[in-house]
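Geometric and topological summary
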4 protein chains.
Amino acid sequence: MNKIRIGSIGLGRLGLQHAENIAFRMRNAELTALCDVDTAKLDQAADRLGVKRRFTAFEELISCKEVDAVVLVSPSALHTKQIAQALDAGKHVFSEKPLGVTVGECKAAEKAVEAHPDLVFMLGFMRRFDESYQYAHTKVRAGEIGKPVLFRSYSQDPEKYIAGSIAFAPHSGGQFLDMAVHDIDLARWFTGSEPETVYAIGGCYAHPEFAAYKDGDNVSCLMRFRNNTMVFLFAGRTAPHGYNVETEIIGTKGILRIASVPQKNLVEVLDEQGVRKECSVNFLERFDTAYVNEVQEFVNCIIDGRKPEVSVYDGTRVSEIAYTCKAAFEQETLLHF
Amino acid sequence: MNKIRIGSIGLGRLGLQHAENIAFRMRNAELTALCDVDTAKLDQAADRLGVKRRFTAFEELISCKEVDAVVLVSPSALHTKQIAQALDAGKHVFSEKPLGVTVGECKAAEKAVEAHPDLVFMLGFMRRFDESYQYAHTKVRAGEIGKPVLFRSYSQDPEKYIAGSIAFAPHSGGQFLDMAVHDIDLARWFTGSEPETVYAIGGCYAHPEFAAYKDGDNVSCLMRFRNNTMVFLFAGRTAPHGYNVETEIIGTKGILRIASVPQKNLVEVLDEQGVRKECSVNFLERFDTAYVNEVQEFVNCIIDGRKPEVSVYDGTRVSEIAYTCKAAFEQETLLHF
Amino acid sequence: MNKIRIGSIGLGRLGLQHAENIAFRMRNAELTALCDVDTAKLDQAADRLGVKRRFTAFEELISCKEVDAVVLVSPSALHTKQIAQALDAGKHVFSEKPLGVTVGECKAAEKAVEAHPDLVFMLGFMRRFDESYQYAHTKVRAGEIGKPVLFRSYSQDPEKYIAGSIAFAPHSGGQFLDMAVHDIDLARWFTGSEPETVYAIGGCYAHPEFAAYKDGDNVSCLMRFRNNTMVFLFAGRTAPHGYNVETEIIGTKGILRIASVPQKNLVEVLDEQGVRKECSVNFLERFDTAYVNEVQEFVNCIIDGRKPEVSVYDGTRVSEIAYTCKAAFEQETLLHF
Amino acid sequence: MNKIRIGSIGLGRLGLQHAENIAFRMRNAELTALCDVDTAKLDQAADRLGVKRRFTAFEELISCKEVDAVVLVSPSALHTKQIAQALDAGKHVFSEKPLGVTVGECKAAEKAVEAHPDLVFMLGFMRRFDESYQYAHTKVRAGEIGKPVLFRSYSQDPEKYIAGSIAFAPHSGGQFLDMAVHDIDLARWFTGSEPETVYAIGGCYAHPEFAAYKDGDNVSCLMRFRNNTMVFLFAGRTAPHGYNVETEIIGTKGILRIASVPQKNLVEVLDEQGVRKECSVNFLERFDTAYVNEVQEFVNCIIDGRKPEVSVYDGTRVSEIAYTCKAAFEQETLLHF
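Below is a short write-up of the structure. Every chain is numbered on its own, with residues counted from 1 as its sequence reads. Whichever chain is written first is A, and whichever ligand is written first is 1; the rest continue in order. For a predicted model such as this one, the threshold for reporting local features is a pLDDT of at least 70, and the threshold for listing and counting side-chain atom pairs is 80 or more; totals across whole chains, interfaces and linings nevertheless cover every residue. Just so you know, side-chain values use all the structure's heavy atoms and leave hydrogens and water out.

A short note on the overall build of chain A
What counts, and what does not: What counts as a helix is a DSSP run of H or I of at least four residues, what counts as a strand is a run of E of at least two, and both are numbered from the N terminus. The rule is simple: take the accessible area with a 1.4 Å probe, protein chains only, and divide by the maximum for that residue type; under 20% is buried, over 50% is exposed, in between is partly exposed. The contact rule is simple, with two residues in contact once any of their heavy atoms fall within 4.5 Å. Methods summary: accessible areas were calculated by the Shrake-Rupley approach with a probe of 1.4 Å, and residue burial reflects only the protein chains presented. His residues and chain termini do not enter the charge count, which takes Lys and Arg as positive and Asp and Glu as negative. For charged residues, the charge sits on one atom: NZ in Lys, CZ in Arg, CG in Asp, CD in Glu.
Along its length, chain A carries 12 helices and 15 strands. Along the first, second and third principal axes, the C-alpha set of chain A runs to 50 × 50 × 45 Å. Across the 337 residues that make up chain A, the buried fraction comes to 66%. Within chain A, contacts between residues at least 6 apart in sequence are counted, and of these 71% link residues at least 24 apart. Accessible surface for chain A amounts to roughly 11500 Å². Of this, 50% is attributable to carbon and sulfur atoms. If the 38 positive side-chain charges of chain A are averaged to one point and the 45 negative ones to another, these points end up 4 Å apart.

Structural notes on the relation of the copies chain A and chain B
Between the two chain copies there is a screw-like relation: a rotation about an axis and a shift along it. We apply this condition: A least-squares fit on C-alpha atoms brings the copies together, and the residues used are those whose pLDDT is at least 70 in both copies.
When chain A is fitted onto chain B, the two copies agree to an RMSD of 0.0 Å after a turn of 180° and an axial shift of 0.0 Å. Such a combination of turn and shift is consistent with a two-fold rotation axis. The residues that chain A uses at the interface reappear at the interface of chain B in 98% of cases, marking a shared surface.

A short note on the relation of the copies chain B and chain D
Taken as rigid bodies, chain B and chain D are interconverted by a rotation of 180° and an axial shift of 0.0 Å, the fit giving an RMSD of 0.0 Å. By residue overlap, the copies meet face to face through one surface: 100% of the interface positions of chain B are interface positions in chain D.

Considering helix α1 (residues 13–24) of chain D
Side chains of residues three or four places apart in an α-helix project in the same direction, reflecting 3.6 residues per turn. Residues and elements named next belong to chain D. As a reminder, the rule being used: Here, expected helix span is obtained from the residue count minus one, scaled by 1.5 Å.
If you check α1, its first and last C-alpha atoms are 17 Å apart, about what 12 residues at 1.5 Å a residue would give, namely 16 Å. Where burial is concerned, most of α1 is hidden: 9 out of the 12 residues are buried. Restricting attention to buried positions, one finds in α1 the residues Leu14, Gly15, Gln17, His18, Ala19, Glu20, Asn21, Ile22 and Phe24.

Digging into the sheet that holds strand β4 (residues 69–72) of chain A
Residues and elements named next belong to chain A. Filter applied, for reference: Only when DSSP finds a minimum of two bridges between them are two strands counted as paired. Think of each axis as a best-fit line through the C-alpha atoms, taken over the contacting stretch in the case of a helix, with angles from 0 to 180 degrees between the N-to-C directions.
Taking strand neighbours across the sheet as the criterion, the 6 strands line up as β3-β2-β1-β4-β5-β6 in an open arrangement whose pairing is parallel. With one partner strand each, in any of the chains shown, β3 (53–55) and β6 (121–124) form the two edges of the open sheet. Looking at each pair of strands side by side, their axes are set apart by 25° on average, direction ignored. Here strand β2 (residues 29–35) pairs with β3 via 3 bridges, running parallel. By the bridge assignment for β3, Cys35 is matched with Phe55. On top of the sheet, helix α4 (residues 79–88) reaches β1 (4–9), β4, β5 (92–96) and β6; it is set at about 170° to β5, its chief contact.

What to know about the packing of helix α5 (residues 103–114) of chain B against helix α12 (residues 312–331) of chain B
Residue and element names in this part refer to chain B. Convention followed: Orientation is classified from the angle alone, with under 35 degrees giving roughly parallel, over 145 giving roughly antiparallel, 65 to 115 giving roughly perpendicular, and any other angle giving oblique.
Remark: α5 packs on α12, axes separated minimally by 9 Å, with the N-to-C direction vectors making an angle of 170°. Accordingly, the angle class assigned to the pair α5 and α12 is roughly antiparallel. For the pair α5 and α12, the contacting residues are Val103, Cys106, Lys107, Ala109, Glu110, Val113 and Glu114 in the first and Val312, Tyr313, Gly315, Thr316, Ser319, Glu320 and Tyr323 in the second.

Some words on the interface of chain A and chain B
Rules: Once two parts are put together, the accessible area they lose, assessed with a 1.4 Å probe and summed over both, is termed the buried area. The working definition used for a salt bridge is a side-chain nitrogen of Lys or Arg within 4 Å of a carboxyl oxygen of Asp or Glu. As used in this structure description, the phrase polar contact means that two N or O atoms lie within 3.5 Å; if the pair is within protein, one of them must be able to donate a hydrogen and the other to accept it, and residues adjacent in sequence are counted only when both atoms belong to side chains.
Taken residue by residue, the interface counts 43 residues in chain A and 42 residues in chain B. Both sides of the chain A and chain B interface together cover about 3300 Å² of buried area, and 64% of this is carbon and sulfur. Summed over the shared surface of chain A and chain B, the number is 4 salt bridges. One salt bridge in this structure joins Glu332(B) and Arg224(A), with 3.9 Å as the shortest N-O distance. In this assembly, chain A and chain B are joined by 14 residue pairs in polar contact (both at pLDDT 80 or more). Broken down by secondary-structure element, the contributors of at least two residues to the side of chain A that touches chain B are β7 (148–158), β8 (195–203), β9 (218–225), β10 (230–239), β11 (244–251) and β12 (255–258) of chain A. The element best represented in the side of chain A that touches chain B is β9(A), accounting for 7 residues.

Some words on the interface of chain B and chain D
The interface is formed by 15 residues belonging to chain B together with 15 residues belonging to chain D. Each partner contributes to the roughly 1200 Å² buried at the junction of chain B and chain D, and carbon and sulfur atoms together form 60% of this total. Considering only the surface of chain B that becomes buried against chain D, His241(B), Gln273(B) and Val275(B) emerge as the three largest contributors, covering 40% of it. In this structure, the connection of chain B to chain D is made through 0 salt bridges. Those elements that provide at least two residues to the side of chain B that touches chain D are β13 (267–271) and β14 (274–277) of chain B. Here the element with the most residues in the side of chain B that touches chain D is β14(B); it accounts for 4 residues.

Concerning unusual backbone geometry
It is generally the case that most residues other than glycine have a negative phi and that most peptide bonds are trans. Residue Pro98(A) is bonded to the preceding Lys97(A) through a cis peptide linkage, with omega at -5°. Here Pro98(A) shows up in the loop between β5 and α5 (103–114). The phi dihedral of Ala259(A) falls on the positive side, at around 60°, and the residue is not glycine. One can find Ala259(A) in the loop between β12 and β13 (267–271). Positive phi outside glycine occurs at Lys214(D), with the angle close to 55°.

Quick look at the environment of Asp178(D)
Residues and elements named next belong to chain D. Looking at the element boundaries, Asp178 is found in helix α8 (residues 175–178). The class for Asp178 is buried, based on a relative accessible area of 16%. Looking at Asp178, its side chain comes within polar contact range of the side chain of Arg237, at 2.8 Å.

What to know about helix α6 (residues 131–141) of chain A
We count it as follows: The arc refers to the directions leading from the helix axis to the C-beta atoms.
Of all the residues in α6(A), the buried ones are Ser132(A), Tyr133(A), Ala136(A), His137(A), Lys139(A) and Val140(A). Taken around the axis of α6(A), the buried residues stretch over an arc of 160°, which confines them to a single face. Away from the buried face of α6(A) by more than 90 degrees, exposed residues Glu131(A), Thr138(A) and Arg141(A) are located. For α6(A), the elements touching its buried residues are α9 (180–191), β11, β12 and α10 (283–286) of chain A together with β13 (267–271) of chain D. The N-cap of α6(A), judged by a side-chain oxygen 3.2 Å from the amide nitrogen of Ser132(A) a few residues on, is Asp130(A).

A word on the packing of aromatic side chains
Residues and elements named next belong to chain A. Rule in force here: Under the pairing criterion, centres of Phe, Tyr and Trp rings, with the six-membered ring standing for Trp, must be within 6.5 Å; the plane angle then separates stacked pairs below 30 degrees from edge-to-face pairs above 60, leaving the rest tilted. By definition, being over a ring means that NZ of Lys or CZ of Arg is both within 6 Å of the ring centre and within 35 degrees of the ring normal.
By the definition in use, this model includes 40 aromatic pairs over all chains. Within the aromatic cluster, the residues linked to one another by ring pairs are Tyr133, Phe151, Trp189 and Phe190. Here the guanidinium or amino end of Arg13 rests over the ring plane of Tyr161, the centre of that ring lying 5.9 Å away. Directly above the aromatic system of Tyr154 lies the positively charged group of Arg152, at a separation of 4.8 Å from the ring centroid.

Quick word on the pattern of salt bridges
Counting across every chain of the model gives 132 salt bridges over all chains. For Arg257(C), the salt bridge identified is with Glu246(D), shortest N-O distance 2.5 Å. Remark: Glu246(D) occurs in strand β11 (residues 244–251) and Arg257(C) occurs in strand β12 (residues 255–258); the pair is interchain, linking two chains. Each member of the pair Arg257(C) and Glu246(D) is classed as buried. Here the salt bridges share partners, and the residues they tie into one network are Arg152(A), Glu246(A), Glu248(A), Arg257(A), Arg152(B), Glu246(B), Glu248(B) and Arg257(B).

Overview of the side chain of Ser319(C)
Here Ser319(C) lies in helix α12 (residues 312–331). If we ignore the near neighbours within four places in the chain, the residues touching Ser319(C) are Gly100(C), Val103(C), Cys106(C) and Leu177(C).

As structure tokens, this is what we get:
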């Protein structure tokens, strides 16, 4: 079987991780090209990963015949344009979230994907590929917890990264778009349903800087889904203990909790602080394997000639929901979908 | 020092427990009288607890000179009337929650209490007297977790008591009044603030019987408090694992969780089910010591000539809030306080 | 029913707690007399607990007709003599551990107890009355974990009390006699068997002062019991996290762990240290309820005219075993019982 | 950089996993040859992993010029002979544990390794490459827990694999050699010291079949190390809950516990059994990443021209210790090293 030849675009923190994963941790795939506008960064990564084809222009990479598929880890504002370009160039496309920065962009991406039914398009909702989330999802779908009653999910970034969060605030789209999108995706995935109403609140509890962007450092929302599942989401930037992504699904027959303690590993420390588990520091540590699994699934889909479970429409839908949450938050009101 | 002589009214499950606590587990107090309409039950309890004065009529008990104080564990509908009568008879009064079944009743109780400034009145919000809640509260008030961001609290009754819950449904006032009142009290106690808005949802996920009373078997609400703390409450009747009362207070500097696993004791079982903790079965097991502590505080207040932290106004306020939550739930809308 | 009138001897830390428990937390018992050589301490405690009969001489207390039973919390060296005197004076006797400081003393105590078959004698192995240990014991005896394979038990005092431990070292009898006796009692109670061999090691890892008494600051032993259960005990004085008493019983069908995290309460703290539980600080905090339960059982036995499960022979047997452990440790060898 | 070309020998359960890891999860390595006497198994694996060079004879594989290094997952009895042959053929060697089935074999392996100072030899003590063990080891070596006092380590296989264990019993060498060797290695690695004495006990608690081989289904030993650390090891075949490998290191300043709950993943289940974590089923699940990491380290050593931390002498030393434990167990006595 020939390996899928992948070109990876963008060498920020997550981009570098994706590139490294493709180079070293993937089956039936090889990293054949890299693209970044920063040539120093590009050469350093390419040298380390043994990649010969190096591009500073996205257009050149997608013209490369030795590339079957691209992995987009470029700035969010470029996603939909690059998705369309890559598909038009005949490349399979894996794009990091968000699909686009406006719902309009997402709709355009849908058209681009629809125009290329023979190509694989996949969006990077990595949590679906985390083994714990998968294990829980299998149980839920098997009916082990009965009918879903309450879905609760938190996304908390550590306080120690707050400077970066503030710097990124003008471009992040706010907490609901930047962070809660993953929880929104999970809520839809676990409940198999869609929101009907949302009430959102929050504020700047520690960092007034976010107010300038009509955002808070911590926000939450309560949604009623069509199947009547209650959905409570919380997103924050000031977690004292680490990177905390936890989810609880309360059903009529059982309850599942995923990562209610964001433990770094299996070590427990007993000292003058008590008995404690140290915590994951960031998304790369927590979702290390999930990032491998999702791109592996992308590769497998290409090889098997099938489409990923996560479609372009999921990307649009999640964006629409996040925008509505954001609007509810800004207007301090209850909104209907 | 003379012991405070207590007459206890009502010998249901909790009433019996209070009577036993007063008889055997209290300092500077003695159980001198019991009252219940069921004479068989009355005699059985009085014999066991060594109580001579036995009454089937509340009015007779409060006429008894050998009674300094009463503990009301009578049906909710009788609370405010009995509070007034007992105070008028010169007795200190400890009343189980709820203060009254309508806000009007609560206001009447306020007047009765105000008319007797020399007598101690206390309402039974026992969670405030649980050692874990007290420990957490001390930390919060000492500023250890910074500014409160999110207060989340659950009250879940085990599914195995569902028949009783359904039978009681016509009189319970619904989940917000029957169960969430404790969480509402905790939210006010921990945040030192009051709600401004509420959105409430829920439904009958397993037991349609509750719909007849405009109630659900599981409900939740999201409230914004005046100090901008987000407050998420969840109450349910279908907990698969046991009696689950848990609370999380997320602050800007730290997070506290109280009883996120409702462990029965310190035993961990490792068997074919995995590694597990068995759970508390009901409120009497979980709050065993808290029920002692709260009445002890009532006794201490009488002896020390001071007023309890939990006032009659807390009772009214919590009822008002619960009624507003209930209204938001019934109207499926956002309400302002 | 008349209350059992108890005289309590010794007002050290544990003695005060017992006195307070008898005064305020016991059924069918009252604290009628106190004894301590320190008159200031005696008056302070007696005033606080409302006790009129105050003695500085043990002999006077046991002559008092208003005393039915005594609780001995006096220095260990006095136990067996006082047990005999109290029994001869017609008093029921509850004695704190150890039964005696030599096996010879224990044998003498056996004779004293045998000479008074109508009186209740009970030894204070409080762990048997801790609700978690009782819960586990019930499961083990019901066969839920199958046949016992390994019994492991730790007794660790916090490092912060090390000065007191060093000061007490000349009189403590060493770790096996002072601390591990509780674990030895538990091992016999849970396995229903007796040791056949023991190998013991340890040393002064942080505090060389214990060496002068042929003791260590941390010691352990491995014993084979007659029913072939493996028994591993560990006792230490340098626990960094708090007062740690934990036990694991591995059976062929299941495993039980009691208090593997010595949690202070149900609060979990999430902060820059990670996710943690704070720990119990000492035996009074950890076994608060067990100390009440054991004396309550003593009282119940008197009332019911039955003998406690913990007999004087248990006291002797545990002492014999502890002395053999100590000898194995001192001789650095394997000993047979 | 050229990739290290690896031939893997033995396609049992672990052999298959190693082969797959080398093929898909390794940096700077490729799987170029496979060897197994079972041709059907060989072809199936080679087809799946895309390996062309297939051998039924070990001698042929090591003659292959396209092989730089071998990974031995063959039967234990063949290890030392194959190690010598492969080294003589100029191949780097990674061997699964045990090094040899007798100490004499181990000594012979030492000579073979010494005869080829230019080649890398590494033994598969995978636990050292588990991220949790590594994290703990770093803390211990940094002095975070002070001086080591007690090292406790368990290796428990699930009861559900008992049939396989019994079938393998004639060849396993017994619990100390087959299972406890990993704990022995960890004890030496964490304490930096060697045993001086050992007392070992155990027996057939559920499965008398092991007695025929002078073995037990559960065994334990207590060792004193030269630096006076107490070392308690337990190995068993009847774990009810899953594959349980846990370690505790008690130091004078802190305590570390690794995997005291052998959790399968981050999912917590709340149901009628209580609150529980499901457990790892076997070593492949628990040490999935460690198996990758150890062979990666082998590859890195070849590339970097350095020797692994785990030497051939560690293999010999661990075997010697395990044999002494076994002898102590068989003779029911205390032995000195």
